[in-house]
Amino acid sequence: MLTKTLLVAAALFAGGSAALQQRDLESLLPPPQWMLAHADDLGITPEEMGDLRDRFLDARRAMQSAREDLQPLRASLREALSNPEFDRAEVEARFEALLDAECRVKREQLHARLDVLESIPADQRTMVRAAAGRAAEQRSVLRARIETIRRRGKELEAIGGDTRLVHARMRRIERQIRTGRLSEALRNANRLLFDVESRL
């Protein structure tokens, strides 16, 4: 159970070039939900908050619609690949359709971020980018911390230690990461790592 929980947390910071590009994007064009979660720190007024929330809801609906197109296209591609009567042209056509749909999702994400940045003054955009850069650094530290907790948690399990509390605390950290509360998540991850290591 512990390993599964830690893997879920680690998946929030999946590695690879695609994840690296996503982190670079978020340091320059943070998602609307992140800006909403940090509105006070970014100096966003209540009036601006209402506009941001409306833009976020519109963007979420557009992205949800685009994502709903992906599943049947993936199923269609799997069907074409598993067909004994293999048809290369059909596979390529379905693959291209899936790529187009994935690109639509990415375009919707980009439009949502640009709409939000466009709706705030230039000085606030500077604050947003600076804060987003700090958040990207926090995510990097969190990734390393979670990986260490995962490794040390397995060591604790191996010697018969009770990891139920570790599991519960990791679930809390996961929620904090998902909602953009990175400083809080990092503080709790540091405390959790200290507690785990003190029991080894």
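Preceding block: the structure.
Residues numbered from 1 in each chain as written. Predicted model: local features only at pLDDT ≥ 70, side-chain atom pairs only at ≥ 80, totals over all residues. Heavy atoms only, no water.

Q: Give me the packing of helix H4 (residues 46–68) against helix H6 (residues 88–118): which residues, what numbers.
A: Across the interface, H4 lies against H6 with an axial gap of 9 Å and an inter-helix angle of 175 degrees. Comparing the axis directions of H4 and H6 gives the class roughly antiparallel. The segment H4 lies against H6, with Leu52, Arg55, Ala59, Ala62, Met63, Ala66 and Arg67 engaging Arg104, Val105, Glu108, Gln109, Ala112, Asp115 and Val116. Partitioned by chemical class, the residues of the contact of H4 with H6 number eight nonpolar, one polar and five charged. (Axes fitted to C-alpha atoms, helices over the stretch in contact; angles between N-to-C directions. Helix = DSSP H or I, 4+ residues; strand = E, 2+ residues; numbered from the N terminus. Parallel < 35°, antiparallel > 145°, perpendicular 65-115°, else oblique. Contact = heavy atoms within 4.5 Å. Nonpolar A, V, L, I, M, F, W, Y, C, P; charged D, E, K, R; others polar.)

Q: Could you give me a rundown of the pattern of salt bridges, with the residues and numbers involved?
A: Counted under the stated rule, the structure contains 12 salt bridges. When the shortest N-O distance is used, the salt bridge between Glu155 and Arg152 registers 2.5 Å. Taken together, the positions of Glu155 and Arg152, both in helix H7 (residues 122–158) and three residues apart, correspond to about one turn of that helix. The closest approach of N and O atoms between Glu197 and Arg152, which form a salt bridge, is 3.4 Å. Of this pair, Glu197 sits in helix H9 (residues 182–198) while Arg152 sits in helix H7, placing them 45 residues apart in sequence. Linked through salt bridges whose partners overlap, the residues forming this network are Glu79, Glu90 and Arg94. (Salt bridge = Lys/Arg side-chain N within 4 Å of Asp/Glu carboxyl O.)

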